[in-house]
Amino acid sequence: MKVKRIVVGENLFAKNDEIAEENKVILKKHGIFSINIMGGPGSGKTSILEKTVATLMDMNIACGVIEGDIAGMFDSERISVLNVPVVQINTGGACHLEAMMIKKGIENLPLADIRIMFVENVGNLVCPAEFKLGIDCNITVANITEGEEKPAKYPLMYSISDVVLINKIDLMPTVEFDVDRFNAYLKEIKKDIKIIPVSAKTGKNIEHFVKYIVEHISE
Ligand SMILES: Nc1nc2c(ncn2[C@@H]2O[C@H](COP(=O)(O)OP(=O)(O)OP(=O)(O)O)[C@@H](O)[C@H]2O)c(=O)[nH]1
Ligand SMILES: [Mg+2]
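Structure report, in brief. (Residues numbered from 1 in each chain as written. Chains lettered and ligands numbered in written order. Predicted model: local features only at pLDDT ≥ 70, side-chain atom pairs only at ≥ 80, totals over all residues. Heavy atoms only, no water.)

### Remarks on the pattern of salt bridges
For the record, the criterion: Salt bridges are identified by distance alone: a Lys or Arg side-chain nitrogen within 4 Å of an Asp or Glu carboxyl oxygen. Helix and strand labels come from DSSP, where a helix needs a run of H or I of at least four residues and a strand needs a run of E of at least two; each type is numbered from the N terminus. Accessibility here uses a 1.4 Å probe with only protein chains present; expressed as a share of the type maximum, an area under 20% marks a residue as buried, one over 50% as exposed, and anything in between as partly exposed.
One pass over the structure, following the stated rule, counts nine salt bridges. A salt bridge links Lys103 to Glu22; its shortest N-O distance comes to 3.9 Å. Linking Lys103 in helix H4 (residues 99-107) with Glu22 in helix H1 (residues 8-29), this pair joins segments that are 81 residues apart in sequence. Given a relative accessible area of 23%, Lys103 falls into the partly exposed group. A relative accessible area of 35% places Glu22 in the partly exposed class. With its nearest N and O atoms 2.7 Å apart, the salt bridge here joins Glu149 to Lys150. The class of Lys150 is buried, set by a relative accessible area of 13%.

Structure (C-alpha cells):
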C-alpha cells in the first residue's frame, strides 16, 4: 500500500504565515505600527513597555498592547494602569504567541483609536522567534544578568530582531557583563542590528528607544 506522508510542522507554519499576512494587512489598513517584544523570562519586557508606553502617551501617541503569557494577568494588569487598551492572551501552555492569537488580540483592540500596537511575547529566547505574527518590528530584550554569550547561544531570536535592548544597566557596578563581547556576538549574527543599552528601572536611554519608534511610525 502507498504510504501517505504528512509533514505536520510545514503545514502548521504555512497556516501560521497565512494568518500573519492577514494580520499585517489589517494593521496596515488602520495605519498601525506594530512592535513585537521578545526576550527571556524576567528580562524586563513589561518594565520597558511601561516606561515606553507612558512616554508615548505623554507625546499624545495612542498605544494598544497585547500581552502574551502562558498563564496569569500580571502583565496586563500592570499595563492597564496606564489607561491604554490591553488584551491578555493566555496560551495555556504554549511557549510562544502564534499569528492566530494575535488575530484574536487585534479583534479585541480599538484599532481606530491606536497608532502603535505593542505585543509582549511569552518570556522565552527560543520559540517566539519561530512564529511569524505579521508585526512590523521585532525587539529582543536582553539583560546584563543573562550573560554576554546569549546572542551566540540563541542566534535565531537575535537574527530576526531589528533592535536589541540591553536592559538593567543600572546593575553594571554589581554584575560582570562584558558589553563589547555581547556586541561582538550580536554583530556576527546581524551586522546592522541596532543596540540600545537601557534601564527600565531608572528610565535611562528609554528616550532613544522611543525616538527609534517615532522615526519608524510613518514608514
Ligand atoms: N535593576 C533592574 N531591575 C529591573 C529592570 N527592568 C526590570 N527589572 C526587574 O526585573 C524583574 C522582571 O521584570 P519584568 O518587566 O516583569 O520582566 P518580563 O520580561 O516582563 O518578565 P516575563 O513577562 O515574566 O517574562 C522585576 O523584578 C523588575 O522590577 C532594570 O532595568 N533594572
Ligand atoms: Mg512581562
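### A word on the coordination of the magnesium ion (ligand 2)
Condition: Coordination partners: N, O, S within 2.8 Å of the metal, 3.2 Å for Na, K and Ca; water not considered, so apparent gaps in a site are possible.
Taken together, Thr46 (OG1), Asp75 (OD) and Glu120 (OE) make up the protein donors of the magnesium ion (ligand 2), found 2.0 to 2.1 Å from the metal. Read N to C, the donor residues that coordinate the magnesium ion (ligand 2) are spaced as T-x28-D-x44-E. In this pair, Thr46 is assigned in helix H2 (residues 45-58) and Glu120 in strand E4 (residues 116-120), connecting sequence segments 74 residues apart. Like Glu120, Thr46 is buried.

### Let's talk about H2
Because each turn of an α-helix spans 3.6 residues, side chains separated by three or four positions in sequence point in the same direction. Counted only if it meets this: What a helix should span is 1.5 Å times the count of its residues minus one. Within this analysis, the arc is defined by the directions that extend from the helix axis to the C-beta atoms.
The end-to-end C-alpha separation of H2 is 20 Å, in line with the 20 Å expected for 14 residues at 1.5 Å each. Along H2, the residues that are buried comprise Lys45, Thr46, Ile48, Leu49, Thr52, Val53 and Leu56. Looking straight down H2, one finds its buried side chains confined to an arc of 150°; they lie on one side.

### Some details on the site of ligand 1
Definition in use: In these notes, residues near a molecule or strand are those with any non-hydrogen atom within 4 Å of it. By the criterion applied in these results, polar contacts are pairs of N or O atoms within 3.5 Å in which, for protein atoms, one can donate a hydrogen and the other can accept it, and in which residues neighboring in sequence qualify only through two side-chain atoms. The method behind every accessible area is Shrake-Rupley, applied with a 1.4 Å probe, and residues are considered shielded solely by the protein chains displayed.
Lys45, Thr46, Ser47, Arg78 and Asp170 are the nearest of the 19 residues found near ligand 1. Between ligand 1 and Ser199, the relevant distance is 3.4 Å, taken from an oxygen atom to a side-chain nitrogen or oxygen of the residue. In the model, an oxygen atom of ligand 1 is placed 2.9 Å from a nitrogen or oxygen of the Ala200 main chain. Surface burial for ligand 1 is 70%, taken as the share of its 650 Å² of free accessible area covered by protein chains. Among the secondary structure elements, those contributing two or more residues to the shell around ligand 1 are H2 and helix H3 (74-80). Considering each element in turn, the shell around ligand 1 owes the most residues, three residues, to H2.

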